[in-house]
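Coordinates in review
Below, each chain spelled out in residue letters.
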Amino acid sequence: MVRYTAFHDRTKALNTTELWSHWAGYLAADRYQLSEKFEYFAIRNSAGMFDTSPLYKYRIQGSDAETFLAGLLTRNIRKCRPGNAQYTIWCDDNGFIIEDGVIIRLSETEFLLSTAEPNLAYFEDRIGRLQVIIEDISDDVAALAVQGPRSKTILTELIPDVAGLGYFQSTEAKIGDAPVVISRTGFTGDLGYEIWVKNDHGLAVWDAVAQAGERYGMLPFGTTALLMARIEAGLALIDVDFSSSRYAWTDADRTTPLELGLEWMVRDIGDDDRPFVGRRALLREMVAGSRWKLTGLLIDWRNWFEVYDRNGLVPPKDHLPNGSESILYDATDQPVGYATSLMYSPMVQRHIAIARVQPELVAPGNQLNMEVTINHTWQQVKAQTTRMPFYNPPHKTA
Amino acid sequence: MATDRTYDAIIVGGGHNGLVNGAYLAKTGLKTLIIERRHLVGGAAITEELHPGFLFTTFSYALSLLRPDIIQELELVKHGFKPLLMESTFAPMHDGNYLLLGQDHQANIAEIRRHSKHDADAYAQYSHDVNRVCRAIKPLLDNIPPDITSRDPEELIRMATLAQHMRDLEPAVLHNAVRLLTGSAADFLDDYFDSEILKATLASSGIIGTKVGPMSQGSGLVLLYHKMGEHDGDQSSWAFHKGGNGGFTQVLARAFESYGGEISLESPVATVITSNGRARGVALEDGTEFKADIVVSALDPRRTFLELVDPGELPSDLVENISRFRFQGTSAKVNFALDGLPKYPALGNRGDQFRGFTNIGPTMDYLERAFDDAKYGWYSKQPYIDACFQSTIDPDMAPPGKHVMSGFIQYAPYDLKGSDWDTERETFGDTVQAVLESHFPGFGDLVLHREVVTPLDIERVVGLSEGNIFGGEFLAPQMFFFRPAPGWNQYRTPIEGYYQCGSGTHPGGCVMGAPGKLAAAQILKDQQHS
Ligand SMILES: Cc1cc2nc3c(=O)[nH]c(=O)nc-3n(C[C@H](O)[C@H](O)[C@H](O)COP(=O)(O)OP(=O)(O)OC[C@H]3O[C@@H](n4cnc5c(N)ncnc54)[C@H](O)[C@@H]3O)c2cc1C
């Protein structure tokens, strides 16, 4: 049975393309207008609003909630004070990532975790004797992302406190009569916020935000524009750039945080005695080394042109993310890694990709070759390792 | 400014070609100075706040044929390069109907079928045929053209390479190229389409900036030229730069300065100093002198050859060629600050149709009649209008909820029979506004401010002779081998060390940067040999 988010009455009216995907059982607009790229530019240049309600949402509360989460989450939740949020992950005993999500600390004893996949059983099974209650509020709470350089101006008109909200901070507030939680978070790599609101207030909040944004060129955007923005932001996506270790068949399909560029999450592991799941495996990996390291990849613009031109083709510059994998080779034609999430980035004006390479090749500026299929043959295009994010405007964190 | 007034290279004119040229020279380590007459760089590509809170692209308004390699080689992204997609072309019609083409191919086909079922696949075929010609022609834009007058072995090789390139083309592509390069836009389009609105909308690319009608031979060449653009891999697509074309030229200025280049503003150059047939520097109108062994004119050919230097120093055949080089500007602008977006009755409250070009010129006859007026020395009674509401895409260009409209107008001939532009400026503005009013009832009530830019204003402010927006007409005898004159199409001049890089050189006008880039390549090559 397909389900509708609390904003559906509005998104349905706005979605002139009638193109929808199924996301966690809900209808999610691919794009509202004929050009997804135009929606993408709203994110980068003015503001966009995105119905992110299909995320799974868990309220985790109780006197032991912090202890419970500290034992599960890889990143140190104790450092997340009330009114703050963290991007976080949880691993299995072998240090492989199960999933990632954003957790907001509402108070000393109450947290709101949002995830792409269901996780209730996994979390509940690990409560044991702790005083913790986990509530799946996915179906009761809607989520509206407002992203882009003008998002602060727009939302400040509704909630003056937004002006003072720092990167990854959150606050409880009201939009009209509707109680909301607003966090300065998002998946676009731009300045942006997410508003969490009970379903019955959803439409009122949507209307208020849409009205405030109208004069600023804000547009609703769909999943396609979101998935473009997230690659430029260098944000890995589950089932595209990595898989959940819970459902993978082999370790080749699994990824550790150290392999996924998330070393920074465990940088303080030495002065942090939390016995979280996967801790020992990660400590071992820190000594023994990782199989892969994450890097950004910049495709050589001139070579891209030459290779296609030589084949009689106009070099494609497709801003739509290519979800399939391309093998990377070194100068001696040895396979040394793989690229995922290839796209032509309007902000970088080059093809970019998220890649995994052998650890010794991760330093920025290494020359590699990426496999492409042209005229039914395998050919190679030059590419260079680079730091991510590819696009990182100062207003994101300012 | 440095008291030492000696440089390796001096560029006269800080338009986008001067900036591109300067950036390439400075990047190789040459101590480079750009001297600009006005208080800002950009030339015809500037953005100005002509009404409080409203940013106007006074002259050129869309980023068109910018060569993609310039973006990369000059690291423009680092300096803020940000082209924004132009979503659509909206063509209102007299009977209240319209044609609205966008980024979705399938939707375009459906829209065209509303007007003609025949034209649906004809449009796909047309686009493919034109794109194939563009791919074949592009190498010509990105290379220094051969000198047809030279017997130098290097030039003979260039000619041979060109001939080989032509021979390698599929016959159909070559033939289509010739049909476009020599014929009229109307004939070419008639061979594909039935629908009047579709033909007229496509034909408008064949008249922009040029004193030809869509039925004139030569309009095919102009059409093809305008199709040579690409943005983010979309062939023949145009874009708005963030902050307008002035935003783009500011990016270029930052790139130039990052390579150590210097800019001197409000410094009109009077002459290029020469001795013994060599360039030695320039003198400003106030007498200040700057020295350099490389002097590049980024101005149009008339100023480069007849004003900055003494024509007596030049071969007389060159002087003759430049004297008859045609400018005859025929374009104007009428720009508006608006209280809101206009409405098109058939589309109710919709406004998304304004996120690209709004093309008012609904039939071939409409366009040709507009041209007829110009032939006889007057501006069009019913002008063609290419309107852009840039604030729909870049909200920073107008206060919240308000909009700017850039209106590019044809025809407005530089020479008016029996009057002059200072007299006619506002009546011309009224003529344009009346056409807008007739398509968008209530338009006049939205107008907060109006700025009329005549060909005379273009000449006075930007310095483009006779207001020709391309630094010289796009006519076959003034292109490629002959731009600006036979024997002088490789950015050099008869005066050693004196070069040209403006839109009057190959390939030509538009915000494309190719003249500036190719001239730099020629200068640097000559440097190696000297
Ligand atoms: C009204 C209008 C609309 C247009 N629309 C478009 C468009 O939408 N898209 C597009 O691609 N192209 C458009 N064009 C064409 C395009 O803008 C021009 O071809 C291009 O900008 C010319 O660049 P340039 O550097 O060759 O010369 P210019 O931009 O003319 O630069 C020459 C510079 O030299 C300076 N100068 C002149 N004399 C002196 C002197 N004696 N001393 C010092 N400095 C001097 C001038 O002030 C100017 O800054 C338009 C042009 C006009 C006029």
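Residues numbered from 1 in each chain as written. Chains lettered and ligands numbered in written order. Predicted model: local features only at pLDDT ≥ 70, side-chain atom pairs only at ≥ 80, totals over all residues. Heavy atoms only, no water.

1. Section: the overall build of chain A
In terms of regular secondary structure, chain A is built from nine helices and 19 strands. A compact globule built from 398 residues should have a C-alpha radius of gyration of about 21 Å, and chain A, at 21 Å, falls within 12% of that. By its C-alpha atoms, chain A is 60 × 50 × 40 Å across when sized along the principal axes. Residues classed as buried in chain A amount to 58% of the 398 residues present. If you take every contact in chain A between residues at least 6 apart in sequence, the share linking residues at least 24 apart comes to 67%. Both charge centroids of chain A, one from 39 positive and one from 51 negative side chains, sit 4 Å from each other. (Helix = DSSP H or I, 4+ residues; strand = E, 2+ residues; numbered from the N terminus. Rg over C-alpha atoms; globule rule 2.2 N^0.38 Å. Buried < 20%, exposed > 50% of the residue type's maximum accessible area, 1.4 Å probe, protein only. Contact = heavy atoms within 4.5 Å. Lys, Arg positive; Asp, Glu negative; His and termini not counted. Charge placed at Lys NZ, Arg CZ, Asp CG, Glu CD.)

2. Comments concerning the interface of chain A and chain B
With 28 residues of chain A at the interface, the matching set in chain B holds 30 residues. Carbon and sulfur atoms supply 51% of the area buried between chain A and chain B, which totals about 2500 Å² over both sides. Three residues stand out in chain A for area buried against chain B, namely Phe-38, Asn-45 and Gln-349 of chain A, and they jointly supply 25% of the buried area on that side. Run the count over chain A and chain B and you get five salt bridges. Residue Lys-317 of chain A is joined to Glu-230 of chain B by a salt bridge in which the shortest nitrogen-to-oxygen separation is 3.5 Å. Viewed at the interface, chain B and chain A are joined by twelve residue pairs in polar contact (both at pLDDT 80 or more). Secondary-structure elements contributing two or more residues to the side of chain A that touches chain B are α2 (36-45) and α9 (301-310) of chain A. Broken down by element, the side of chain A that touches chain B gets its largest block of residues, five residues, from α2 of chain A. (Buried area = accessible area lost by both parts, 1.4 Å probe. Salt bridge = Lys/Arg side-chain N within 4 Å of Asp/Glu carboxyl O. Polar contact = N/O pair within 3.5 Å; in protein donor to acceptor, adjacent residues only side chain to side chain.)

3. Observations regarding the packing of aromatic side chains
All names here are of chain B. Under the counting rule described, the total for this entry stands at 37 aromatic pairs over all chains. Taking the centre distance of 5.9 Å and the plane angle of 70° together, the rings of Phe-481 and Phe-482 count as edge-to-face. The structure contains a cluster of three or more aromatic residues connected by ring pairs, namely Phe-90, Tyr-98, Tyr-344, Phe-354, Phe-389 and Phe-440. The side chain of Arg-5 reaches across the aromatic face of Phe-290, ending 5.8 Å from its centre. (Phe/Tyr/Trp six-rings, centres within 6.5 Å; stacked < 30°, edge-to-face > 60°. Lys NZ or Arg CZ within 6 Å of the ring centre and 35° of its normal.)

4. Quick look at the packing of helix α3 (residues 105-115) of chain B against helix α4 (residues 119-141) of chain B
Residue and element names in this part refer to chain B. One can describe the packing of α3 onto α4 by two numbers: an axis separation of 8 Å at closest approach and a directional angle of 135°. The orientation of α3 with respect to α4, classified from their angle, is oblique. Seen from α3, the contacting residues are His-105, Ile-109, Ile-112 and Arg-113; seen from α4, they are Asp-119, Ala-120, Tyr-123 and Ala-124. Partitioning the contact of α3 with α4 into residue classes produces five nonpolar, one polar and two charged. (Axes fitted to C-alpha atoms, helices over the stretch in contact; angles between N-to-C directions. Parallel < 35°, antiparallel > 145°, perpendicular 65-115°, else oblique. Nonpolar A, V, L, I, M, F, W, Y, C, P; charged D, E, K, R; others polar.)

5. Remarks on the domain arrangement of chain B
Residues and elements named next belong to chain B. By domain assignment, chain B separates into domain 1 (2-83 + 242-325 + 473-529), domain 2 (122-227) and domain 3 (331-411 + 413-453). For domain 1 versus domain 2, the distance between C-alpha centres works out to 26 Å. Each side of the interface is counted separately: domain 1 has 25 residues, and domain 2 has 23 residues. Note on domain 1 versus domain 2: buried area summed over both sides is about 2100 Å², and carbon and sulfur give 63% of it. Its largest share of buried area at the contact with domain 2, domain 1 owes to Phe-474, Phe-481 and Gln-490, together 26% of the area lost on that side. Applying the counting criterion to the domain 1 and domain 2 interface returns two salt bridges. Linking domain 1 with domain 2 are nine residue pairs in polar contact (both at pLDDT 80 or more). Taken together, the residues of the side of domain 1 that touches domain 2 break down into 15 nonpolar, seven polar and three charged. (Domains from an automatic or database assignment.)

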